[in-house]
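Working through the structure, step by step
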Amino acid sequence: MVMTSRRQPADLRPTPETASRPLPSTARELFDALPQLPGLRTEVIDGSLIVSPVGTPEHARIAMRLYSALLPIIEERGWDGFSGNVDVCIDGPRDPVEPDFVLAPADCPRWGTRELLSSGLFMVAEIVSPGSVIDDRDRKPDLYAMGLVPVMLLIDPVAAPATVTVFSDPKGGEYHTVSRVAAGSPLHLPAPVDFTLDTSIFADALG
């Protein structure tokens, strides 16, 4: 039996309302001009528009394990936790990204109506996949540091062995403190999170 997708392709044709508008000249303008693309993640990284598929079930499981681990402090402190479904605007270049997990105050400032401003966040997390190795390991830390995100967590099931890294103390477009452990070891997430994460919660998803 042949299975077919029920997802309808996005209609990118100009409408009478948009046909007279000037064409986008930057990656940010192109991002703003795009319709919603269900099943795809759209970001601007280093001046390039990146469109990629959403993660695997294993990828989503890791994000949900992180959310569950942090839920006690989210509820205690009245914070918000988002698992891969919110856009973040990087202060400065105004580039939009979609982290795999976001920890934010309930009154986090926004850029427009839908993007949380990076400098108002407490933490972001990225989960490395085979297709995102360079972006997640090399580009995203500097991007989040530029946007003054206090803490970035990088969960890397692609590494051998799997690792979990926390970046903190952003200054001058880079993080000045980095701590890495093998998956399964405890890892302290610095202030403003101030929480010791038991990374063994990812064990069955990290392989």
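The following paragraphs examine the structure supplied in this document. On a predicted model such as this, the values are computed, not experimentally measured, just so you know.

Conventions adopted
Residues numbered from 1 in each chain as written. Predicted model: local features only at pLDDT ≥ 70, side-chain atom pairs only at ≥ 80, totals over all residues. Heavy atoms only, no water. Helix = DSSP H or I, 4+ residues; strand = E, 2+ residues; numbered from the N terminus. Salt bridge = Lys/Arg side-chain N within 4 Å of Asp/Glu carboxyl O. Buried < 20%, exposed > 50% of the residue type's maximum accessible area, 1.4 Å probe, protein only.

1. Regarding unusual backbone geometry
In the segment running from Ala-160 into Pro-161, the intervening peptide bond is cis, with an omega of 0 degrees. For the peptide bond that leads from Ala-191 to Pro-192, omega is 10 degrees, which places it in the cis range. With respect to the helices and strands, Pro-192 occurs in the loop between strand 13 (186–189) and strand 14 (195–198). Positioned with a positive phi, Asp-169 is a non-glycine residue whose angle comes to about 60 degrees.

2. Remarks on the pattern of salt bridges
Scanning all chains against the criterion turns up 7 salt bridges. The shortest N-O distance in the salt bridge between Glu-126 and Lys-140 comes to 3.0 Å. Taken together, the positions of Glu-126 in strand 9 (residues 123–127) and Lys-140 in helix 3 (residues 133–146) put the pair 14 residues apart, joining distant regions of the chain. Across this residue pair, the class does not change: Glu-126 and Lys-140 are buried. With a closest N to O distance of 2.7 Å, Asp-135 and Arg-139 form a salt bridge. Of this pair, Asp-135 and Arg-139 are both found in helix 3, 4 residues apart, which corresponds to roughly one turn of the helix. Arg-139 sits in the partly exposed class, given a relative accessible area of 37%. Salt bridges sharing partners connect three or more residues here, namely Glu-126, Asp-136 and Lys-140.

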